[in-house]
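The lines below spell out each chain.
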Amino acid sequence: MNLIRKKSVSDMLEHSQKKDGALDKVIGPMDLTMLGIGCIIGTGIFVLTGVAAAEHAGPALILSFILSGLACVFAALCYAEFASTVPLSGSAYTYSYVTFGEMIAWILGWSLVLEYGLAASAVASGWSGYFQGLLDGFGIHLPTAISSAYNPEKGTYIDIPAVAIVMLLTFLLSRGIRESLRINNIMVIVKLAVVLLFIAVGVWYVKPSNWTPFMPFGFTGVASGAATVFFAYLGFDSVATAAEEVKNPQRTMPIGIIASLAVCTVLYIVVSLILTGIVPYTQLDVKNPVAFALNFIHQDWAAGFISIGAITGITTVLLVLLYSQTRLFFAMSRDGLLPKTMSKVNPMSKTPVANTWVTGLLVSLFGGFIPLNKLAELVNIGTFFAYIVVSIGIIVLRKTHSNLPRGFKVPFVPVVPILSVLLCGYLMTNLSKIAWIGFGVWLIIGLIFYFLFGYKNSKLAYKNIENKEGINEVV
């Protein structure tokens, strides 16, 4: 029974509001929406669109984005209700602790560590590619050995630019959330302007003939493409991790989650349509497809802006993913499932500084040494799993906590959560066997850690023991 011990929502809310060790509530609706856009628009548009079109979907990439977006809409509605009901750090991990108990919460939290940590590493690797491309334009070339992840056959051993950007953003996050938000907002405005520039320039060069054949790999290719570009939609999940630092979270959280997803889904669909209309899909298997498309139509001046915007855009994705990882570690540590150091808040910056630097070091290690293509699918499978559990959790929460005040309610329950489970489950089956094996190994490692450390050190376990002792004394 200890494996399914659950946390009380009222106790969690009361504990989070204590001044000692509390996070700083400074995030408003606009900041939260910009945080979501900052995480969603980046690698999805600037890196993954080309590979997904060339290898999976062809011009039907637009259908891949619609299919992924649809799965995300249903999942996002479930997240919005949870975030307005249980406005605490930890996202899906915290929601599961309330609905399913500690064991499932740990498994889900461990999956989110995979999602945020490896996603940040993959994004850092993508950032490095764009940054080195920009340096090449100025005639600056890094030594091969430090230009990419470990691959002795190609003479590469460590990706120094990836490590450097992670360390720089880790330093920024350790200074406090206010400074991070200001810089994120500026960079989001820059990258939105660049995406709109691509649309404004590229729309005049679209050739409908490039959309034929529209579905060269069949619907299977569309589904595989959707599973691949799902990586592009991680942002709204990251928004949920900010709940404890949001002003008026019951109202603000649903706005931030739904608004950021809506804006980005529209932009993804428009960009993929124009991209495959400008360049034949067979030529899009490049690291910088958006800039490549503008070079293809000889709009080199705009391609330069796109490269700058891509670097800016990917930087914000990395910033938000690092932030999300630190808040997840914070929540798990506060519950006793990770070492106490991870939940200590600096009284000056109001941030978990030690936790932030541990996160930065781990992400830089993965980003510096592991190739990008090995990271992306593992990220997606962890995300699908989280979305499925959260969607089922809404149905359970309606039964077990029907009287909890909700700032937002998912319409048509249980239909919407079930559709989320079915769509995410279907896309999950389109991932490779290697991704499934890697996910299984990751879960086994997590369970070993839980039984060796988390199970014994859980704050909820100590509380249950104290309650029993109190009862015995009364008797």
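Conventions used here
Residues numbered from 1 in each chain as written. Predicted model: local features only at pLDDT ≥ 70, side-chain atom pairs only at ≥ 80, totals over all residues. Heavy atoms only, no water. Helix = DSSP H or I, 4+ residues; strand = E, 2+ residues; numbered from the N terminus. Rg over C-alpha atoms; globule rule 2.2 N^0.38 Å. Buried < 20%, exposed > 50% of the residue type's maximum accessible area, 1.4 Å probe, protein only. Contact = heavy atoms within 4.5 Å. Areas by Shrake-Rupley, 256 points an atom, 1.4 Å probe, with all protein chains shown as cover. Lys, Arg positive; Asp, Glu negative; His and termini not counted. Charge placed at Lys NZ, Arg CZ, Asp CG, Glu CD. Core = buried A, V, L, I, M, F, W, Y, C linked by side-chain atoms within 4.5 Å. Phe/Tyr/Trp six-rings, centres within 6.5 Å; stacked < 30°, edge-to-face > 60°. Salt bridge = Lys/Arg side-chain N within 4 Å of Asp/Glu carboxyl O. Disulfide = S-S within 2.5 Å. Axes fitted to C-alpha atoms, helices over the stretch in contact; angles between N-to-C directions. Parallel < 35°, antiparallel > 145°, perpendicular 65-115°, else oblique. Left-handed = near helix turned anticlockwise from the far one by under 90°. Nonpolar A, V, L, I, M, F, W, Y, C, P; charged D, E, K, R; others polar.

Undergrad: I tried to follow the overall build of the protein on my own but got confused; where do I start?
TA: When helices and strands are tallied, the protein shows 18 helices and 0 strands. Relative to the 2.2 N^0.38 estimate, which gives 23 Å for 475 residues, the radius of gyration of the protein is 22 Å and therefore close to what a compact globule would have. Referenced to the eigenvectors of the C-alpha coordinate spread, the extents of the protein come out at roughly 85 × 50 × 40 Å. Counting the 475 residues in the protein, one finds 57% classified as buried. Sequence-distant contacts, at least 24 apart, represent 84% of the contacts inside the protein between residues at least 6 apart. As presented, the protein carries roughly 19,000 Å² of accessible surface, and 69% of it is formed by carbon and sulfur atoms. The protein carries 30 positive and 23 negative side-chain charges, and their two centres are separated by 5 Å.

Undergrad: What's the story with the nonpolar core in this structure? I'm lost.
TA: Burial of nonpolar side chains together is a common tendency in soluble globular proteins. Core analysis: the largest hydrophobic core is formed by 147 residues, its most contacted members being Y79 and F198. Top contributing element to this core by residue count: helix α6 (residues 102-137), with 18 residues. With residues near it in sequence (within four places) discarded, F198 still touches V203, V271, I274, L275, I278, V290, A293, L294 and I306.

Undergrad: What's the story with the packing of aromatic side chains in this structure? I'm lost.
TA: Working definition: an aromatic ring pair is given by the centre-to-centre distance plus the angle between the planes. Scanning the entire structure with this criterion turns up 18 aromatic pairs. Ring centres 6.3 Å apart and planes at 15° place the aromatic pair W110 and F449 in the stacked group. Placement of W110 in helix α6 and of F449 in helix α17 (residues 433-457) is noted, with a sequence separation of 339 residues between them. Residue classification places W110 among the buried positions, given a relative accessible area of 12%. Residue F449 is classed as partly exposed on the basis of its relative accessible area of 28%. Where Y450 meets F451, the ring centres are 5.2 Å apart and the plane angle is 70°; that geometry is what we call edge-to-face. Under the relative-accessibility criterion, Y450 is labelled buried at 0%.

Undergrad: Looking at this model, I keep getting lost on the pattern of salt bridges. Mind explaining?
TA: Charged atoms that come close allow side chains of opposite charge to pair. Taken as a whole, this structure holds 4 salt bridges when the rule is applied. One salt bridge connects E81 with R398, and the closest N-O pair in it is separated by 2.8 Å. Residue E81 is found in helix α4 (residues 61-85), and its partner R398 is found in helix α15 (residues 372-400); the two are separated by 317 residues along the sequence. Under the relative-accessibility criterion, E81 is labelled buried at 0%. The exposure class assigned to R398 is partly exposed, which follows from its relative accessible area of 23%. Among the ionic pairs, E245 bridges to R327, the shortest N-O distance being 3.0 Å. Placement of the pair is E245 in the loop between α10 (235-240) and α11 (249-278) and R327 in helix α13 (residues 300-334), with a sequence separation of 82 residues. Judged by its relative accessible area of 0%, E245 is buried. Owing to a relative accessible area of 2%, R327 belongs among the buried residues under this scheme.

Undergrad: Teacher, can you tell me more about helix α12 (residues 289-296) here?
TA: Three- or four-residue spacings in an α-helix give side chains the same orientation, since the helix completes a turn every 3.6 residues. All of the buried residues along α12 are P289, V290, A291, A293 and L294. Taken from the residues just after α12, H298 is the one with a positive phi, measuring 65°.

Undergrad: I tried to follow the state of the cysteines on my own but got confused; where do I start?
TA: Two cysteines form a disulfide when their sulfur atoms are joined by a covalent bond. Enumeration according to the criterion identifies 0 disulfides in this entry. Note on C39: no disulfide assigned, nearest cysteine sulfur contributed by C264 at a separation of 9.3 Å. C72 provides the cysteine sulfur closest to C424, a residue in no disulfide bond, and the two sulfurs are 6.7 Å apart. Taking the relative accessible area as the measure of exposure, C424 reaches 0% and is therefore buried.

Undergrad: Whenever I open this one, the packing of α6 against α17 confuses me. Can you help?
TA: Two measures define how a pair of helices packs: the angle their axes make with one another and the distance between the axes. One way to put it is that α6 packs onto α17 with a least axis distance of 10 Å and a crossing angle of 125°. Here α6 is positioned oblique relative to α17, judged by the angle of their axes. For the crossing formed where α6 meets α17, the hand is right-handed. Two secondary-structure elements touch here, α6 through E102, M103, W106, I107, W110, S111, V113 and L114 and α17 through F439, W442, L443, I445, G446, L447, F449, Y450, F451 and Y455. Along the lines of polarity and charge, the residues of the contact of α6 with α17 split into 15 nonpolar, 2 polar and 1 charged.

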